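Residue-level listing of the chains:
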Amino acid sequence: MKRLIPAALLLSSALAIPAFAQGADQGMVDPSGERVNQLIVYGDDPCPKSDGNTITVCARKEEEERFRIPKPFRENLESPANRSWTDRVKAYETVGSFGTNSCSAVGGGGATGCLAKLIDRAYAEKKNSPDVQFGKLIEEEREKRLSTIDTDAAAEQARVEQIEREYEARLKRERDGVPAPEATPTPPQL
């Protein structure tokens, strides 16, 4: 049991550090290699455009929220006044809970359930959070970028084919000994 607690602390701290270390000075780096710039803008403020290999995602909030304490920190959800009767009754159900996977100091292996309880609580908070969900915004921006790839690729392909045709025509004229006509180049058809 003495070895389990330091191992759990080491694991939880190791999982938390890389997310902050990657995005310390250049924005978060997505697993696909793209940089992600996450911003919160207020009122009618413009959202900066994405450029190059950076996806810029903006979450828009009302102008009244600009100088206020963020909503999750305004209310104390743990205060007794904000607890429902159902939650109060559930608290009584766990009074005698001890032993393996119970997250208690009583009984053998009581600390083994603490990490699971911590993870469950974190997911519940994340699910019920009224705050911005940047993951969805990033995915929408990525879909918007991917939707233009086909048209951009088709335009680039047409331009390359036009250049190849002009090159082959020039090579043929040079082989046949025909002087090149003085004509202005035509832009590729899109």
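All figures in this text were calculated on a predicted structure; none of them were measured in a lab.

## Regarding the state of the cysteines
Using the criterion set out here, one finds one disulfide in the structure. For Cys47, the disulfide goes to Cys58, at an S-S distance of 1.9 Å. In this structure, the disulfide formed by Cys47 and Cys58 twists by about 80° around the S-S bond and is classed as right-handed. One end of the pair, Cys47, is in the loop between strand S2 (35-42) and strand S3 (54-61); the other, Cys58, is in strand S3, with 11 residues separating them in the sequence. By relative accessible area, which is 27% here, Cys47 ends up partly exposed.

## Notes on the nonpolar core
The biggest cluster of nonpolar side chains holds six residues, and these are Val36, Ile55, Val57, Ala59, Phe134 and Ile138. Taken together, the elements giving at least two residues each to this core come down to S3 and helix H5 (134-147). It is S3 that contributes the most residues to this core, three residues altogether.

## Some thoughts on the pattern of salt bridges
One pass over the structure, following the stated rule, counts eight salt bridges. Across the pair Arg66 and Glu63 runs a salt bridge, and its minimum N-O distance is 2.8 Å. Looking at Glu63, the relative accessible area reads 38%, which means it is partly exposed. Salt bridges sharing common partners tie together Glu34, Glu139, Arg142 and Arg145.

## Comments concerning the environment of Thr100
Position of Thr100 relative to the elements: it lies in the loop between helix H3 (85-93) and helix H4 (114-128). We classify Thr100 as exposed; its relative accessible area is 59%. Linking Thr100 and Ala111, residues 11 residues apart in sequence, is a C-alpha distance of 7.4 Å.

## Points about the confidence of the model for the protein chain
Residue-level pLDDT values for the protein chain average 75, and 72% of them are 70 or greater. By mean pLDDT, helix H1 (residues 4-22) is the weakest element of the protein chain at 40, and S2 is the strongest at 91. Low pLDDT, under 50, characterises residues 3-26; the predicted model gives this stretch seven contacts beyond four residues in sequence or across chains.

About the criteria used
- Residues numbered from 1 in each chain as written.
- Predicted model: local features only at pLDDT ≥ 70, side-chain atom pairs only at ≥ 80, totals over all residues.
- Heavy atoms only, no water.
- Disulfide = S-S within 2.5 Å.
- Helix = DSSP H or I, 4+ residues; strand = E, 2+ residues; numbered from the N terminus.
- Buried < 20%, exposed > 50% of the residue type's maximum accessible area, 1.4 Å probe, protein only.
- Core = buried A, V, L, I, M, F, W, Y, C linked by side-chain atoms within 4.5 Å.
- Salt bridge = Lys/Arg side-chain N within 4 Å of Asp/Glu carboxyl O.
- pLDDT = per-residue confidence, 0-100.
- Contact = heavy atoms within 4.5 Å.

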